[in-house]
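Breakdown of the fold
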Amino acid sequence: AYKLYVTEGLDAASFTAANGIRGGRQSGARATADNVSFSGRADLVSVPGLLVGAAFFTGESGKDLSVDGQSFGARTTAWDLHADLRLGGLALRGMYARVRIEDVDLLNRFLGLTGSKSVGEEQEGYYLSAGYELLSRLSPGTSMALTPFVRYERTDTQEEVPAGYARDGANDREAWTLGIDYKPIPNIALKVDWQGYSNAAGTGVPQWNVALSYLF
């Protein structure tokens, strides 16, 4: 399966050291297309229960940005490798993603960022998760689902920074998540999980999460 997209670009003025490119996403009707981006994905879907593929995104993110009379584009390029396997009640999923941003030194100067506050010019992350759905195994034909799961993830939003700036160990993070996902019907999910966080700065704090979602 192949898909290609042309969309508005990201907004580099909202990139941060801690959250990477997340804040650069534009919002619905308020999005502007001064810069366009190109993205796409290719997936192997011919094997029942298995999806394996790769995706990419690239585009200028420096909308009307300049510093000391020098304009810059802050081109942002991301790519990932992903896989999803469903075998009976077993669900395995994994992804590796990497981001590169150009002109980060100019972007830091535009944003007034110094020291360890630099936006990462190289960012990366990956996760692996496994879950097993129990109720359909115990009671065939039921519409309910109960899935204990475990996930490991690692992210570093400052994997590399420009010369003259420093990395903040708090942005080199890893987390273990243990939880249960309950679906009384396929469109509603109640999830409870515990996350244990750690980082290179030793400031990670574990937390509990409870979420209720509805798919429509």
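Note: the structure precedes this text.
What counts and how
Residues numbered from 1 in each chain as written. Predicted model: local features only at pLDDT ≥ 70, side-chain atom pairs only at ≥ 80, totals over all residues. Heavy atoms only, no water. Phe/Tyr/Trp six-rings, centres within 6.5 Å; stacked < 30°, edge-to-face > 60°. Helix = DSSP H or I, 4+ residues; strand = E, 2+ residues; numbered from the N terminus. Buried < 20%, exposed > 50% of the residue type's maximum accessible area, 1.4 Å probe, protein only. Lys, Arg positive; Asp, Glu negative; His and termini not counted. Salt bridge = Lys/Arg side-chain N within 4 Å of Asp/Glu carboxyl O. Polar contact = N/O pair within 3.5 Å; in protein donor to acceptor, adjacent residues only side chain to side chain. Contact = heavy atoms within 4.5 Å. 1 Å grid on protein atoms, 1.4 Å probe; cavity = no way out; pocket = protein on both sides within 12 Å on 5 of 7 lines; lining within 4 Å. Points joined across faces, edges and corners; volume = space filled by probe spheres on them. Nonpolar A, V, L, I, M, F, W, Y, C, P; charged D, E, K, R; others polar. Pairing = 2+ DSSP bridges. Axes fitted to C-alpha atoms, helices over the stretch in contact; angles between N-to-C directions.

Focus on the packing of aromatic side chains
The description of two aromatic rings rests on the distance between their centres and on the angle between their planes. The full count for this structure, using the stated rule, is five aromatic pairs. Arranged with centres 5.6 Å apart and planes meeting at 55°, the rings of Trp79 and Tyr96 form a pair that is tilted. You can see Trp79 sitting in strand β6 (residues 76-87) and its partner Tyr96 sitting in strand β7 (residues 90-101), a full 17 residues away along the chain. Residue Tyr96 is classed as partly exposed on the basis of its relative accessible area, which comes to 25%. Between Tyr152 and Trp176 the ring centres are 4.9 Å apart and the planes differ by 50°, which places this aromatic pair in the tilted class. Taken as a pair, Tyr152 in strand β9 (residues 145-160) and Trp176 in strand β10 (residues 172-185) lie far apart in primary sequence, 24 residues in all. Of the residues examined, Tyr152 reaches a relative accessible area of 15% and is grouped as buried. In textbook terms, an aromatic cluster arises when at least three aromatic residues are bridged by ring pairs, as seen for Tyr126, Tyr152 and Trp176.

Thoughts on the side chain of Asp193
Checked against the element boundaries, Asp193 lands in strand β11 (residues 188-199). Here Asp193 occupies a buried position and makes no salt bridge, while the nearest side chain of opposite charge, Arg151, is found at 5.5 Å. Among the polar contacts listed, one links the side chain of Asp193 to the side chain of Asn209, at a separation of 2.8 Å. Excluding its chain neighbours within four sequence positions, the residues that come into contact with Asp193 are Phe149, Thr177, Leu178, Gly179, Gln207, Trp208 and Asn209.

Section: the pattern of salt bridges
Close approach of charged atoms allows side chains with opposite charge to pair. Tallying each qualifying case throughout the model produces 13 salt bridges. Measuring nitrogen to oxygen at the nearest pair gives 2.6 Å for the salt bridge that ties Asp43 to Arg41. A relative accessible area of 12% means that Asp43 is categorised as buried. Of the charged contacts in the structure, one is a salt bridge between Arg100 and Glu122, with a shortest N-O distance of 2.7 Å. Within this pair, whereas Arg100 is found in strand β7, its partner Glu122 is found in strand β8 (residues 122-132), the two being separated by 22 residues in sequence. Residue classification places Arg100 among the partly exposed residues on the basis of a relative accessible area of 39%. Residues participating in the shared-partner salt-bridge network are Arg98, Arg100, Glu122, Glu124 and Glu159.

Here's the deal with empty space enclosed by the protein
For the coordinates displayed, the defined rule picks out one cavity of 30 Å³ or more. Roughly 30 Å³ of internal volume is contained in the largest cavity. Partitioned by chemical class, the residues of the lining of the largest cavity number one nonpolar, four polar and two charged.

Some thoughts on the environment of Val67
Relative to the assigned elements, Val67 resides in strand β4 (residues 66-67). Linking Val67 and Arg109, residues 42 residues apart in sequence, is a C-alpha distance of 7.0 Å. Not counting chain neighbours up to four residues away, the residues in contact with Val67 comprise Phe72, Leu106, Arg109 and Phe110.

So, the sheet that holds β9
Taken together, ten strands build an open sheet; the order of strands is β1-β2-β3-β6-β7-β8-β9-β10-β11-β12 and the sheet is antiparallel. Here the strands that pair on one side only, and so sit at the sheet edges, are β1 (2-8) and β12 (207-214). Each strand axis lies, on average, 15° off the axis of its neighbour in the sheet, ignoring direction. In this structure, β10 lies alongside β11, joined through eleven bridges in antiparallel fashion. In the strand pairing of β11, Gly179 is matched with Asp193.

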